[in-house]
Amino acid sequence: DTGVSQDPRHKITKRGQNVTFRCDPISEHNRLYWYRQTLGQGPEFLTYFQNEAQLEKSRLLSDRFSAERPKGSFSTLEIQRTEQGDSAMYLCASSSPGVVNEQFFGPGTRLTVL
Amino acid sequence: ILNVEQSPQSLHVQEGDSTNFTCSFPSSNFYALHWYRWETAKSPEALFVMTLNGDEKKKGRISATLNTKEGYSYLYIKGSQPEDSATYLCACNSGTYKYIFGTGTRLKVLA
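Since this is a predicted model, take the numbers as computed values, not measurements.

Student: Which residues make up the overall build of chain A, and what are the values?
Tutor: Scanning chain A for helices and strands turns up zero helices and 11 strands. A compact globule built from 114 residues should have a C-alpha radius of gyration of about 13 Å, and chain A, at 13 Å, falls within 12% of that. Expressed along its principal axes, the backbone C-alpha trace of chain A runs to roughly 40 × 25 × 25 Å. The proportion of buried residues among the 114 residues of chain A is 46%. A total of about 5,600 Å² of accessible surface is found on chain A, and carbon and sulfur atoms cover 44% of it. Computed over 14 positive and 13 negative side-chain charges, the separation of the two mean positions in chain A equals 6 Å.

Spelled out as structure tokens, the structure:
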């Protein structure tokens, strides 16, 4: 396993369009996280999965955002009716159980909404 | 843990200089702190995980200390090299799965 992968790496879309991002975590990791990072800010927590269960969703996420992890492996993050304010880097991370276990990050998907 | 702060936001140093940055966090409910290095176009890379007051960790020219009583961690880079140029992030955890990240320190090492 070569680490966490994300696809696509870059996405440019027009306002109002829907976009979907994919994250493939490290195979033995049961925890998966999505973060959003905007210019000058650190990664902000969006949502967390333990296996296929979505255990927390940040208030940052409006109803236009949805995330799934149907088989407890890869995850998708969908944004409907994109807005310019959605432009950001979307990072995925995975970890094994344990509070201090480090998160392994993917390279991120950079979204630009025109 | 509600707020994690890092300073400075950015800095430029000359090759060979040593430098350090700070990560501040509320000392109550602290459980663990992680340092990451994030180079442009790459994935954030974990540097250290620290949990105990007085912890000191070292990896090559980079080291970190932790003071949980006063709520801060320092990251030191000795003899900075251009390849050290990156954003350095800290993230804190209060005993759950959730991490709160600071805004990062952007380091540029000039050759």
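Student: Report on unusual backbone geometry, specifying residues and quantitative values.
Tutor: Residue P8 of chain A is reached from D7 of chain A by a cis peptide bond, and omega for that bond is -5 degrees. Look at the link from S7 of chain B to P8 of chain B: it is a cis peptide, with omega at -5 degrees. As for its position among the elements, P8 of chain B is in the loop between strand 1 (5-7) and strand 2 (10-14). Its identity as a non-glycine residue notwithstanding, R81 of chain A has a phi of 50 degrees, on the positive side. Mapped onto the elements, R81 of chain A comes out in the loop between strand 8 (75-79) and strand 9 (88-95). Of note, the phi angle at N29 of chain B is positive, near 65 degrees, even though the residue is not glycine. Relative to the elements of secondary structure, N29 of chain B occurs in the loop between strand 3 (19-24) and strand 4 (32-38).

Student: Run through the side chain of R37 of chain B, naming residues and quoting values.
Tutor: All names here are of chain B. Checked against the element boundaries, R37 lands in strand 4. Residue class for R37 comes out buried when judged on its relative accessible area of 16%. If sequence neighbours within four positions are ignored, R37 has contacts with S43, P44, E45, L47, I62, D84, A86, T87 and Y88.

Student: I'd like a description of the environment of K108 of chain B, backed by residues and values.
Tutor: All names here are of chain B. Along the polypeptide, K108 turns up in strand 11 (residues 105-110). Along the backbone, K108 and Q81 are 27 residues apart, and their C-alpha atoms lie at a distance of 9.3 Å. Every residue in contact with K108, bar those within four places of it in the chain, is listed here: L11, H12, V13 and S85.

Student: Residue-level account of the environment of E78 of chain A, with values.
Tutor: All names here are of chain A. Relative to the helices and strands, E78 resides in strand 8. Taking relative accessible area as the criterion, E78 reaches 24% and is therefore assigned partly exposed. Residues in contact with E78, not counting those within four places in the same chain, are N18, V19, T20, R64, F65 and S66.

Conventions and cut-offs
Residues numbered from 1 in each chain as written. Chains lettered and ligands numbered in written order. Predicted model: local features only at pLDDT ≥ 70, side-chain atom pairs only at ≥ 80, totals over all residues. Heavy atoms only, no water. Helix = DSSP H or I, 4+ residues; strand = E, 2+ residues; numbered from the N terminus. Rg over C-alpha atoms; globule rule 2.2 N^0.38 Å. Buried < 20%, exposed > 50% of the residue type's maximum accessible area, 1.4 Å probe, protein only. Areas by Shrake-Rupley, 256 points an atom, 1.4 Å probe, with all protein chains shown as cover. Lys, Arg positive; Asp, Glu negative; His and termini not counted. Charge placed at Lys NZ, Arg CZ, Asp CG, Glu CD. Contact = heavy atoms within 4.5 Å.

Function cannot be read off these values alone, since they describe shape.
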